[in-house]
Amino acid sequence: HYFLEQRRQTEPLAMMAAFQQEEGRLAACLAAHDYKDPAWHCHSYLARGRYHEQLVRFFDLFPREQFLILPSEQLFAQPLATVTRCLQFLGLPVDGFSPSLEVVNSGSNKSPVAPEVTAYLTDYFAPHNEKLWDLLGERYPW
């Protein structure tokens, strides 16, 4: 999301600064529950990665068995098997299905992420990911 906003020229801050300033940048729109606010749309990097919070809201409204939750790493590593699993989950026919699995719309402005940023994100998301994994009953490789 950060790289996308950089490409759109809506993010003037360096990566670490953007993450560290997110809470303050989003305070007004969160207080107003205004998720259409441009600040939320552009600068909610960490908030969007707290998947547990988002899934709990869905699970309060819909039965858990209506969800198939897969890490994107699985799609990238085994695209055909993952798409087939999705079709099966949806009860759609799989026989004769041969999709184009060419990668499209991949951001081109990604640059290496500094080790201190990776460490910051790892530490930040650790408790959120534990809650997610407890909720889903499985662990993901991040």
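What comes next concerns the included structure. Keep in mind that this is a model prediction, so the values were computed, not measured.

1. Considerations on the packing of aromatic side chains
- Inspection of the entire model under this criterion finds 11 aromatic pairs.
- An angle of 65 degrees between the planes, with centres 5.8 Å apart, marks the rings of tyrosine 2 and tyrosine 45 as edge-to-face. Here the residue tyrosine 2 occupies a position in helix H1 (residues 2-7), and tyrosine 45 occupies one in helix H5 (residues 45-48), the gap between them amounting to 43 residues.
- For tyrosine 2, a relative accessible area of 8% corresponds to the buried category.
- Taking relative accessible area as the criterion, tyrosine 45 reaches 9% and is therefore assigned buried.
- Judged by centre distance (5.1 Å) and plane angle (80 degrees), the rings of tyrosine 35 and tryptophan 40 are edge-to-face.
- Of the residues examined, tyrosine 35 reaches a relative accessible area of 45% and is grouped as partly exposed.
- We classify tryptophan 40 as buried; its relative accessible area is 16%.

2. Concerning the pattern of salt bridges
- In this structure the tally under the stated criterion is four salt bridges.
- In this structure, the salt-bridge partner of glutamate 53 is arginine 50, at a minimum N-O distance of 2.8 Å.
- Take arginine 50: its relative accessible area is 17%, and that puts it in the buried class.
- Salt-bridge contacts for arginine 139 lead to glutamate 130; the nearest nitrogen and oxygen are separated by 2.9 Å.

3. Examining the packing of helix H6 (residues 51-61) against helix H9 (residues 115-136)
- Across the interface, H6 lies against H9 with an axial gap of 8 Å and an inter-helix angle of 35 degrees. On H9, the residues that touch Tyr51, His52, Glu53, Leu55, Val56 and Phe59 of H6 are His128, Lys131, Leu132, Leu135 and Leu136.
- Here the contact of H6 with H9 is composed, by residue class, of seven nonpolar, two polar and two charged.

4. Topic: the environment of serine 106
- Looking at the element boundaries, serine 106 is found in the loop between helix H8 (79-90) and H9.
- For serine 106, a relative accessible area of 48% puts it in the partly exposed group.
- Separated by 102 residues in sequence, serine 106 and leucine 4 have C-alpha atoms that sit 10.0 Å apart.

5. Focus: a nonpolar patch on the surface
- Side chains of Phe58, Leu61 and Phe62 sit close together on the surface and give an oily, nonpolar patch of about 330 Å² of accessible area.
- Topologically, phenylalanine 62 is positioned in the loop between H6 and helix H7 (72-77).

6. Notes on H9
- In H9, a bend of some 45 degrees at alanine 126 exceeds every other bend along the element, and proline 127, a proline, comes one to four places later.
- Listed as buried for H9 are Val117, Phe125, Asn129, Leu132, Trp133 and Leu136.
- Contact partners of the buried residues in H9: helix H2 (15-20), H5 and H6.

Rules and cut-offs
Residues numbered from 1 in each chain as written. Predicted model: local features only at pLDDT ≥ 70, side-chain atom pairs only at ≥ 80, totals over all residues. Heavy atoms only, no water. Phe/Tyr/Trp six-rings, centres within 6.5 Å; stacked < 30°, edge-to-face > 60°. Helix = DSSP H or I, 4+ residues; strand = E, 2+ residues; numbered from the N terminus. Buried < 20%, exposed > 50% of the residue type's maximum accessible area, 1.4 Å probe, protein only. Salt bridge = Lys/Arg side-chain N within 4 Å of Asp/Glu carboxyl O. Axes fitted to C-alpha atoms, helices over the stretch in contact; angles between N-to-C directions. Contact = heavy atoms within 4.5 Å. Nonpolar A, V, L, I, M, F, W, Y, C, P; charged D, E, K, R; others polar. Patch = residues over 30% accessible without salt bridge, like charges linked within 9 Å, V, L, I, M, F, W, Y side chains within 5 Å. Areas by Shrake-Rupley, 256 points an atom, 1.4 Å probe, with all protein chains shown as cover. Bend = angle between axes of the 7 residues up to and from the residue.

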